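# Structural description and commentary
Residues per chain, in single letters:
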Amino acid sequence: MSDPHALLSQVFGFDAFRPGQAEIVEAVTAGRDVLAIMPTGGGKSLCFQLPALCRDGLTVVISPLIALMRDQVRALQEAGVAAGALTSGNTEEETEAVWQAIDAGDLKLLYIAPERLASTATERMLKRANCTLIAVDEAHCVSQWGHDFRPDYLRIGELRQSLGVPLAAFTATADEQTRDEMVRRLFAAPPEVFLHGFDRPNLALAFEPKNSPRAQILSFAAARKGQSGIVYCGTRSKTEGLARALTEAGHSACHYHAGMDPDDRRLVETRFQQEDGLIVVATVAFGMGIDKPDIRWVAHADLPKSVEGYYQEIGRAGRDGAPADTLTLFGSDDIRFRRQQIDEGLAPPEMKAADHGRLNALLGLAEAQVCRRVTLLAFFGEDAAPCGNCDLCAKPPELFDATTEVRKALSAMLRTEERFGTGHLIDVLLGAETDKTRRFGHDALPTFGCGRDIPKPQWQAIFRQMMGLDLVRPDPERHGALRFMEAARPVLRGEASVTLRRDTIKRAERRPAVKQ
Ligand code: ADP
Ligand code: ZN
């Protein structure tokens, strides 16, 4: 076996491992089953490429991203590594060369597309090629609740069993449900789990309730005049309006979205890359191929899609390691819009329920009770100490024991059999004589009017925070009716207490127009 450190510089040209890489390389090289969770750009591929070179035999790499596979193979071949790929994009000569290398017994890394796993010929070929390790890239594709589900990934477990070799799985997706599913479907016994590198300490984190979004973004940009930044918007039309407003305020700004002419888009990408101090106001379509190290700020004019989306988008700032600022605006309209999008989508009900849970996690981050970075990293499963570089560290929110209020809300749900949404539940709590409360006989419930001491906007804030704590989720099959999550039961039974943020509730009081 060769020395990984020597190969690191000889083959890959790197002086040192990135944080986390050395441990993963060691475990994979030693032939232990591994699940490694690292952020995008963290350097996952090295963690299977290097062990492949250190080990006897062939390492098969399963990846759904054909273009990426081809890039990696090309880079490996240029570095003198015997690597090949079998994908639908191959020419006949390429495929022939791969087979020859397999027959000669000198191929070290073979990339295959998941579709290949459907054929029994693949398994025979891998046995013949002396395959001694399976590496799975984008391992979250095995999760049926995720959005990247690849049915062929379900065959990987069988392949591992029939080859009788160790397996190393890699992903940037870290939520608990996906992680459990990866472990269950890919491995026979729990693997060694590595989770590293999600923290980006140079990024300052902040959220603000969306009061007057345009003014908020303008003032954020004004404080960073002349710096390169990105503003993410939820819709295409908004990107254009906001870019115009920024230009009028004296910034150099342009818009970008997937509906634009490809040439115009490329022009914006090139300008952003080359010019100093350009602001791009964009939908999430912007950023994938952007490799600009000195983006000094990222703002979200609308709530992002998920915590993962948020993380990726803010992560484009400060790649050079120098301080960078982020600001995310969130409002009740965003939340309602996102809920509606989920309910009206075509996904199966279980996935919709999981999506409501993902949105809850984002609300939990928006109205976090402790350091925002601690909350964010906890989502990825990483521990951290309060960072001193977020809005909540700068100004810790005032918390209060809201057990009584939350129990009232939960018991209103219970009495109405979890069949109603926030609006009606609040009517019940307030004792509002509406058609609906009368029609369902809810005006006769013991909970009817038990929350009269608290005004409606405050109840809305309480329900929102209850979702952020994932105590309740809207039921996609019942038009947003709230359902209990497991964590709500001990509260209802009087065995657990609940702490909420006072400030968001106060704010609701000042702004009675806010609706859930
Ligand atoms: P991902 O985790 O997204 O798959 P990659 O494996 O593509 O990330 O790596 C991201 C970038 O980091 C690549 O450009 C890669 O060459 C670089 N990289 C990986 N490991 C190291 C290292 N130890 N030192 C320097 N650069 C590295
Ligand atoms: Zn903090």
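Everything quoted here is computed from the prediction, not taken from an experiment.

### Observations regarding the overall build of the protein
What the protein contains, in helices and strands, is 22 helices and 18 strands. Whereas a compact globule of 516 residues would reach a radius of gyration of roughly 24 Å, the protein reaches 26 Å, a difference of no more than 12%. Excluding contacts between residues fewer than 6 apart, the proportion of contacts in the protein whose partners are at least 24 apart in sequence is 72%.

### A few points about the confidence of the model for the protein
Note that predicted coordinates carrying low pLDDT should not be read in detail. Overall, the predicted model of the protein reaches an average pLDDT of 93, with 98% of residues at or above 70. Across residues 508–516, confidence stays below pLDDT 50; counting only partners more than four residues off in sequence or on other chains, it has 20 contacts. Here the predicted complex scores 0.86 on pTM and 0.98 on ipTM.

### A short note on helix α10 (residues 236–248)
End to end, α10 covers 19 Å across 13 residues, agreeing with the expected 18 Å (1.5 Å per residue, within 8%). Looking only at α10, the buried set comprises K238, T239, L242, A243 and L246. Taken down its axis, α10 places every buried residue within 130° of arc, on the same side. Residues of α10 that are exposed and point over 90 degrees away from its buried face: S237 and E248. In the core, the buried residues of α10 are packed alongside α9 (213–222), β10 (229–232), β11 (252–256) and β12 (278–282). Immediately beyond the C-terminal end of α10, within one or two residues, lies G250, with a positive phi of roughly 95°.

### Remarks on the nonpolar core
In this structure, A36, V136, A168, V231, V281, A409 and I462 are the most contacted members of the largest nonpolar core, which totals 139 residues. With residues up to four places along the chain from it excluded, the contact list for A409 reads L425, L429, I462, F463 and M466.

### Notes on the site of ligand 1
Taken together, F14, F17, R18, Q21, M38, T40, G41, G42, G43, K44, S45 and L46 are the residues near ligand 1. A breakdown of the residues in the shell around ligand 1 according to their chemical character gives four nonpolar, six polar and two charged.

### Concerning the pairing of strand β14 (residues 324–330)
Counted residue by residue, β14 has seven buried out of seven residues, so it is predominantly covered. Looking at chain direction, strand β8 (residues 203–204) and β14 are connected through two bridges and run parallel. Note that in β14 the partner of L203 across the bridge is A324. As defined by bridge partners, strand β9 (residues 207–209) adjoins β14 across three bridges and the pair is classed as parallel. Pairing of F207 across the sheet is with T328, part of β14.

### Remarks on the packing of helix α2 (residues 21–29) against helix α3 (residues 46–54)
It is the contact of α2 with α3, at a shortest axis distance of 9 Å, that shows an interaxial angle of 40°. As far as their axial angle goes, α3 and α2 are oblique. Considering only the axes of α2 and α3, their crossing is right-handed. Here Q21, I24, V25, V28 and T29 of α2 come into contact with α3, specifically with L46, C47, F48, L50, P51 and C54. Residues belonging to the contact of α2 with α3 are distributed by class as follows: nine nonpolar, two polar and no charged.

### Some thoughts on the pairing of β11
Most of β11 is tucked away, with four of its five residues classed as buried. As paired strands, β11 and β12 are joined by five bridges and run parallel to one another. When the bridges of β12 are listed, Y256 appears paired with A282. Read from β11 through helix α11 (residues 262–274) to β12, the crossover connection turns out right-handed.

What counts and how
Residues numbered from 1 in each chain as written. Chains lettered and ligands numbered in written order. Predicted model: local features only at pLDDT ≥ 70, side-chain atom pairs only at ≥ 80, totals over all residues. Helix = DSSP H or I, 4+ residues; strand = E, 2+ residues; numbered from the N terminus. Rg over C-alpha atoms; globule rule 2.2 N^0.38 Å. Contact = placed C-beta atoms within 7 Å. pLDDT = per-residue confidence, 0-100. Expected span 1.5 Å × (residues − 1). Buried ≥ 20, exposed ≤ 12 C-beta atoms within 10 Å, placed from the backbone. Arc of directions from axis to C-beta. Core = buried A, V, L, I, M, F, W, Y, C linked by C-beta atoms within 7 Å. Near = placed C-beta within 6 Å. Nonpolar A, V, L, I, M, F, W, Y, C, P; charged D, E, K, R; others polar. Pairing = 2+ DSSP bridges. Axes fitted to C-alpha atoms, helices over the stretch in contact; angles between N-to-C directions. Parallel < 35°, antiparallel > 145°, perpendicular 65-115°, else oblique. Left-handed = near helix turned anticlockwise from the far one by under 90°. Right-handed = clockwise from strand over helix to strand, strands pointing away.

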